[in-house]
Each structure stands twice: as C-alpha cells, then as structure tokens.
Amino acid sequence: MYMLSVKKGFTLIELLVVVLIIAITLGLSAPLFRKTFANVQLSLRAEEMSGLMRYARERAVAENALMRFNLDAKSGKYRLSKKKEDGEAYEGLSGRYGREYSLGEEIKIEAQEEAIDFYPDGEISPAKIIMTNPNKKILTIFTKSGLGNAISIVEEENKK
C-alpha cells in the first residue's frame, strides 16, 4: 500500500499576498507615526525648556543670585546665564546647564520676552512662550510669580 505524503507549507502566491498586505498597512500607517513623533518631540522640548526654567529658579534661590533664561525665538535657541558679581552683565553658566539648547528646525516659537529673570527670593518675571510643530499642535509655557508651580505647560487648541 502506498501512502501519499502531503507537503505542508505556503505557496509563493500566498506569501506574496501576505507581504502585499503588510506593505499596504505600513504605507497607510507611516504618516500617523510621523505625526505622533512630531507631537512627542514638541512635548519633550517643552518639558526640557520648563525643566531648565525650574532649575534656574532653584539655583537663583540656592545661590542668592539673579539667574536669566535667555531665549532667541528666531533661531529657536535658549540658555541660562547668571548675573556677574559686579552687577553689570550676565555670563553663561558653565557645565551641563550652561550649554546652548536648540528646539530644532521643525518647532516654531513665539515669545514677547527675550529673557526671563529668576530672583533670589523665588520670584519669576512673567512670560508666555508659544511652541508649535508642523502638525499645528500648540504648547504654551507660562511663568508667574509666587510660590508653588510657577512654571506650567498648557496644550491649546489648534489655530485654523
């Protein structure tokens, strides 16, 4: 008696259909991933900026010195500086927090203030910084004087 052996597996056509379905799915979902990535980048940059501001406030109180958050909205760059002992000028900080930070080309920023001052008593000069990404997602960083959470990030509705 002869036994028929049946080979199990997939045909080339079946494999091509599966590959085609995967390719179509990836092609349709790629724009969604890009949009999500841009939104995450915006949130990370806003958190980085507000974290640096919180550090400036803490350092101003700890060192009993006037600290300044310098912002160049056109280039999207910012950094911290400290008022010199002579009281006339500011100098950039040294070390990790003294470097110049950049938002990148995709994130646009609007601010009326070029500098935000952090005083030794914990006070902060009021400011409003609006950050927008290519998806038109808007995050606004507010600073206000007083105790507690003086630096906050607020997500706003898209401007259309």
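These lines cover the structure that appears in this document, whether it is placed above or below. These numbers come from a predicted model, not from an experiment. (Residues numbered from 1 in each chain as written. Predicted model: local features only at pLDDT ≥ 70, side-chain atom pairs only at ≥ 80, totals over all residues. Heavy atoms only, no water.)

### Describing the overall build of the protein
Of regular secondary structure, the protein possesses 1 helix and 9 strands. Shown N-terminal to C-terminal, the secondary structure of the protein runs as helices and strands in the order α-β-β-β-β-β-β-β-β-β. Scaling as 2.2 N^0.38, a compact globule of 160 residues should have a C-alpha radius of gyration of about 15 Å, whereas the protein reaches 26 Å, well beyond that. Dimensions of the protein, computed from the C-alpha atoms along their principal axes, are close to 105 × 40 × 30 Å. Across the 160 residues in the protein, those meeting the buried criterion constitute 30%. Long-range contacts, defined here as pairs at least 24 residues apart, represent 48% of the contacts in the protein between residues at least 6 apart. (Helix = DSSP H or I, 4+ residues; strand = E, 2+ residues; numbered from the N terminus. Rg over C-alpha atoms; globule rule 2.2 N^0.38 Å. Buried < 20%, exposed > 50% of the residue type's maximum accessible area, 1.4 Å probe, protein only. Contact = heavy atoms within 4.5 Å.)

### Observations regarding unusual backbone geometry
One non-glycine residue, Asn-64, lies in the positive phi region at around 50 degrees. As for its position among the elements, Asn-64 is in the loop between α1 (12-63) and β1 (67-72). The backbone of Lys-136 shows a phi angle near 70 degrees, a positive value even though the residue is not glycine. By the element assignment, Lys-136 lies in the loop between β7 (127-132) and β8 (138-143).

### Here we look at a negative patch on the surface
There is a patch of like negative charges on the surface, built from Glu-85, Asp-86, Glu-88 and Glu-91. Mapped onto the secondary structure, Glu-85 falls in the loop between β2 (77-83) and β3 (90-92). The exposed category is assigned to Glu-85, whose relative accessible area is 82%. (Patch = residues over 30% accessible without salt bridge, like charges linked within 9 Å, V, L, I, M, F, W, Y side chains within 5 Å. Areas by Shrake-Rupley, 256 points an atom, 1.4 Å probe, with all protein chains shown as cover. Salt bridge = Lys/Arg side-chain N within 4 Å of Asp/Glu carboxyl O. Lys, Arg positive; Asp, Glu negative; His and termini not counted. Charge placed at Lys NZ, Arg CZ, Asp CG, Glu CD.)

### Quick notes on the nonpolar core
Judged by nonpolar contacts, the single largest core of 27 residues is most densely connected at Met-49, Met-53, Phe-69, Phe-118, Ile-129 and Met-131. Only α1, β1, β2, β6 (115-118), β7 and β8 provide two or more residues apiece to this core. Ignoring anything within four residues of it in the chain, the contact list for Met-49 reads Phe-69, Leu-71, Tyr-78, Leu-103, Ile-109, Ile-129, Met-131 and Ile-141. (Core = buried A, V, L, I, M, F, W, Y, C linked by side-chain atoms within 4.5 Å.)

### Focus: the sheet that holds β8
The pairing of strands in a sheet happens through backbone hydrogen bonds and is either parallel or antiparallel. Read across the open sheet, the 4 strands follow the order β5-β7-β8-β9; overall the sheet is antiparallel. Because the sheet does not close on itself, it has two edges, and the strands there are β5 (108-111) and β9 (151-156). If you compare each strand with its neighbour and ignore which way they point, the axes differ by 20 degrees on average. Pairing of β8 with β9, which is carried by 6 bridges, proceeds in the antiparallel orientation. Looking across to β9, one finds that Thr-140 is bridged to Val-154. Contacts from α1 reach β5, β7, β8 and β9, with the element oriented near 10 degrees to β8. (Pairing = 2+ DSSP bridges. Axes fitted to C-alpha atoms, helices over the stretch in contact; angles between N-to-C directions.)

### Notes on the packing of aromatic side chains
Under the criterion given, the structure shown has 3 aromatic pairs. Ring geometry for Tyr-55 against Tyr-97: centres 3.9 Å apart, planes inclined by 20 degrees, an arrangement best described as stacked. Here Tyr-55 is found in helix α1, whereas its partner Tyr-97 is found in the loop between β3 and β4 (101-102), with 42 residues between them in sequence. Given the relative accessible area of 27%, Tyr-97 is considered partly exposed. Among the aromatic residues, those joined into a cluster by ring pairs are Phe-69, Tyr-78 and Tyr-101. (Phe/Tyr/Trp six-rings, centres within 6.5 Å; stacked < 30°, edge-to-face > 60°.)

### Examining the environment of Ile-124
If you trace the backbone, Ile-124 turns up in the loop between β6 and β7. Between the C-alpha atom of Ile-124 and that of Ser-145, which follows or precedes it by 21 residues, the distance is 4.9 Å. Ignoring anything within four residues of it in the chain, the contact list for Ile-124 reads Arg-57, Ile-116, Asp-117, Phe-118, Tyr-119, Thr-143, Lys-144, Ser-145, Ala-150 and Ile-151.

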